[in-house]
Amino acid sequence: MNLVVVSNRVARGKANEPMTGGLAAALLPVVEKSGAIWVGSSGRVRDGAQLEPIVEIEPLGEGALALLDLPAAHYAGYYEGFANSALWPALHSRSDLIRVSHDDYESYREVNAFVARSLMRFHKPDTLFWIQDYHFLSLGAELRDLGVKSAIGFFLHTPWPSRCVVDSLPHHPELLEAMLAYDLIGFQTADDCENFIDCLRTSLGLKVKGGVVRSRHGRTRLAVFPIGIDADKFAQAATKAVSHPDVSRLRRSLQGEKLAIGVDRLDYSKGLVNRISAFDRMWSLHPNLLRSVSLLQIATPSRESIPAYGNLQSEVARLISEVNGRHGEVDWTPIRYLNKGYGQSVLAGLYRTAQVGVVTPLYDGMNLVAKEYVAAQSPVDPGVLVLSKFAGAANELDAALLVNPHDIDGMARTIATALSMPLAERCMRYEAMMAKLHRHSIQQWFADFVTALQATELDEADVEPLPATPPGFLVRRASSSGARYH
Ligand code: F6P
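These numbers come from a predicted model, not from an experiment.

1. Details of the overall build of the protein chain
Okay, step 1: Within the protein chain, the secondary structure is distributed over 16 helices and 18 strands.
Okay, step 2: In terms of overall size, the protein chain behaves like a compact globule, its C-alpha atoms giving a radius of gyration of 23 Å where 486 residues would be expected to give roughly 23 Å.
Okay, step 3: Along the first, second and third principal axes, the C-alpha set of the protein chain runs to 70 × 45 × 40 Å.
Okay, step 4: With 486 residues in all, the protein chain has 57% of them scored as buried.
Okay, step 5: Restricting the contact set of the protein chain to residue pairs at least 6 apart, pairs at least 24 apart contribute 78%.
Okay, step 6: Summing over all exposed atoms, the protein chain offers an accessible surface of approximately 19,200 Å²; the carbon and sulfur share of this is 52%.
Okay, step 7: Charge centroids of the protein chain, computed over 49 positive and 53 negative side chains, lie 2 Å from each other.

Below, the structure is given as structure tokens:
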């Protein structure tokens with residue numbers, strides 16, 4: 001099997017150990033073993049890259065990692081612009097934060113077209129392409145324009161929101177139409193898949209039957225593949241991490257005090273303001289918890305040049321300083337706040353040290369931190385996961401204490417409940433969640449998607465594609481970088 005996996009961000013093996021939680025960290029162990037070529041951004045940009053895609057290739061496990069320098073002229077419009085100031089807020093149901101310009105959309109399309117051209121050097125008649133995430137909604141359509149006939153799959157790591165939100169995203173009909181060039185589109189949850197089907201119906205007038213939609217591109221299968229982790233490997237890492245200097249120092253500093261931990265990218269979807277307000281409320285409602293539990297909040301800076309992220313950074317810092325000012329004492333700090341990233345081998349140990357894991361996003365595709373927190377626990381004395389019901393992970397981890405992240409009082413009460421939960425109940429919940437983590441491992445996710453993608457090639461054999469979409473809906477014009485949609 002010739003497999004090419006594509007994502008904007010890639011992980012570069014042990015030396016460049018990725019943060020937990022994200023797509024790159026999740027994919028690394030499975031892509032390494034699969035023999036696939038993993039293509040993504042090198043993190044560098046280059047002038048004139050439109051003319052000649054430059055690819056740097058290095059070995060990665062059984063396969064290879066191919067790093068692309070993206071076109072300098074379009075990078076900001078693509079990444080900070082359309083991907084993260086239009087698509088990201090829309091996909092996380094924050095229409096109020098959508099900022100979009102026509103130029104940003106053009107840059108997004110240009111970068112998708114550029115990556116498609118770069119991928120052609122790996123293309124053989126039997127190559128399976130597996131494209132990851134919202135950065136590349138139109139990459140499949142660009143590959144088809146370049147003559148790729150083999151199967152192309154797409155997996156969305158974020159939620160797919162309701163059609164009212166999608167309607168607020170400029171260019172959404174073109175993007176939806178372009179996505180139908182994929183043979184298989186995978187979602188994290190059934191809700192995401194149903195929302196997408198609803199959008200196809202209302203925006204494109206298309207019906208889905210038996211999980212399949214027919215368009216001028218042929219057939220596209222829609223399915224749900226909840227992403228997982230390698231729970232046993234993570235558990236081993238947590239046991240080992242206990243001797244890591246950062247973990248030992250944290251343990252020594254606690255002196256019998258309990259610890260709650262939150263680990264997030266500094267992103268408005270993660271619900272940090274509500275979480276901190278819930279701790280504030282908890283200490284006010286339960287003064288007995290002052291000095292007996294503190295919160296370690298790791299918030300890794302992210303997408304800092306986008307105003308919404310800069311504003312959030314200031315708001316979170318201000319709120320934490322107010323809470324610490326209100327409840328702190330000369331020898332006790334309620335919230336320890338760290339604005340930097342940690343590698344998996346340290347984080348696993350930090351998770352294991354904490355009696356409560358707080359994962360309370362307002363909306364999240366899956367949230368692998370929730371899964372990692374559970375896997376890192378000691379089976380004989382596990383901590384308790386407090387999990388937002390709006391994280392995809394809540395579908396499987398229903399033995400966590402599920403909370404509504406908009407209900408500050410409710411979260412405060414639930415965190416207090418978690419802190420006093422008896423051992424027998426903690427063990428029961430932990431075992432139920434570990435059973436789910438074993439059932440939906442990252443290896444299973446990878447194998448299920450690839451198998452389903454291969455199966456689409458059989459689907460196609462006996463089906464005639466529908467005629468082209470109505471004239472005027474999709475107009476192509478030649479450009480320096482190939483076809484574009486308008
Ligand atoms: O879908 C989520 C994701 O792609 C994950 O990889 C990660 O949570 C985040 O977005 C990464 O964002 P960025 O690459 O912008 O840091």
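2. Overview of the sheet that holds strand β6 (residues 152-155)
Okay, step 1: Spatial strand order, β3-β4-β2-β1-β5-β6-β7-β10-β9-β8: 10 strands in an open sheet with mixed pairing. Unpaired on one side and paired on the other, β3 (55-60) and β8 (208-209) mark the two borders of the sheet.
Okay, step 2: Two strands pair when backbone bridges link them, and strand β1 (residues 2-6) and strand β5 (residues 127-132) are joined in this way by five bridges, in the parallel orientation. Residue pairing across strands places V5 opposite W130, the latter belonging to β5.
Okay, step 3: Contacts from helix α2 (residues 72-91) reach β2 (37-46) and β4 (63-71), with the element oriented near 100° to β4.

3. Some remarks on the confidence of the model for the protein chain
Okay, step 1: Taken as a whole, the protein chain shows an average pLDDT of 92; of its residues, 92% reach a score of 70 or greater.
Okay, step 2: Across residues 463-486, where pLDDT falls below 50, the model places 53 contacts with residues more than four positions away in sequence or in other chains.

4. A word on the domain arrangement of the protein chain
Okay, step 1: By domain assignment, the protein chain separates into domain 1 (2-227 + 443-485) and domain 2 (231-439).
Okay, step 2: If you average the C-alpha positions of domain 1 and of domain 2, the two centres end up 32 Å apart.
Okay, step 3: Taken together, the 32 residues of domain 1 in the interface contact 32 residues of domain 2.
Okay, step 4: Both faces considered, domain 1 and domain 2 share a buried interface measuring about 2,200 Å² in area, 60% of it formed by carbon and sulfur atoms.
Okay, step 5: Only α1 (23-34) and α2 provide two or more residues apiece to the side of domain 1 that touches domain 2.
Okay, step 6: When residues of the side of domain 1 that touches domain 2 are assigned to their parent elements, the largest contribution, seven residues, is made by α2.

5. Quick word on empty space enclosed by the protein
Okay, step 1: On inspection of all chains with the given rule, the structure shows four cavities of 30 Å³ or more.
Okay, step 2: Taken as a whole, the largest cavity encloses approximately 80 Å³ of empty space.
Okay, step 3: What lines the largest cavity is simply L87, A90, L91, L137, W160, P161, V166, L169, H172, L175, L176 and M179.
Okay, step 4: Of all elements in the fold, only α2 and α6 (172-179) reach the threshold of two or more residues within the lining of the largest cavity.
Okay, step 5: For the lining of the largest cavity, the leading source of residues is α6, giving four residues.
Okay, step 6: Its residues assigned to classes, the lining of the largest cavity comprises 11 nonpolar, one polar and no charged.

The rules behind the values
Here the residue index of a chain counts from 1 through its sequence in written order. Thresholds applied to this predicted model are a pLDDT of at least 70 for local features of residues and 80 or more for the giving and counting of side-chain atom pairs; totals over whole chains, interfaces and linings are not thresholded and use all residues. In computing side-chain values, all of the structure's heavy atoms are included and hydrogens and water are not. Segments assigned H or I by DSSP are reported as helices when at least four residues long, segments assigned E as strands when at least two residues long, and all are numbered from the N terminus. Atoms counted for the radius of gyration: C-alpha only. Globule rule: 2.2 Å times the number of residues to the power 0.38. Exposure categories follow from relative accessible area, calculated using a 1.4 Å probe and restricted to protein chains: below 20% of the type maximum is buried, above 50% is exposed, and the middle band is partly exposed. By definition in these notes, contact holds between two residues if any of their heavy atoms fall within 4.5 Å. With residues, only the protein chains shown are counted as cover, and all accessible areas are computed by Shrake-Rupley using a 1.4 Å probe. Positive residues here are Lys and Arg, negative ones are Asp and Glu, while His and the chain termini are left out of the count. We put the charge of a Lys on NZ, of an Arg on CZ, of an Asp on CG and of a Glu on CD. Strand pairing follows a simple DSSP-based rule, namely that at least 2 bridges must link the two strands. The axes used here are C-alpha line fits, helices contributing only the stretch in contact, and every angle between their N-to-C directions lies in the interval 0 to 180 degrees. Residue-level confidence of the predictor is what pLDDT reports, using numbers from 0 through 100. Segmentation into domains, and thus their bounds, comes from an automatic or database assignment. Note: buried area is the sum, over both parts, of the accessible area (probe 1.4 Å) each one loses when the two are combined. Cavity: a set of points on a 1 Å grid over the protein atoms alone where a 1.4 Å probe fits but cannot get out. Pocket: an open set with protein on both sides within 12 Å along at least five of seven lines, its lining residues, like those of a cavity, having an atom within 4 Å of a point. Grid points are joined across faces, edges and corners, and a volume is the space filled by probe spheres set on the points. Charged means Asp, Glu, Lys or Arg here, nonpolar means Ala, Val, Leu, Ile, Met, Phe, Trp, Tyr, Cys or Pro, and polar covers whatever is left, Gly included.

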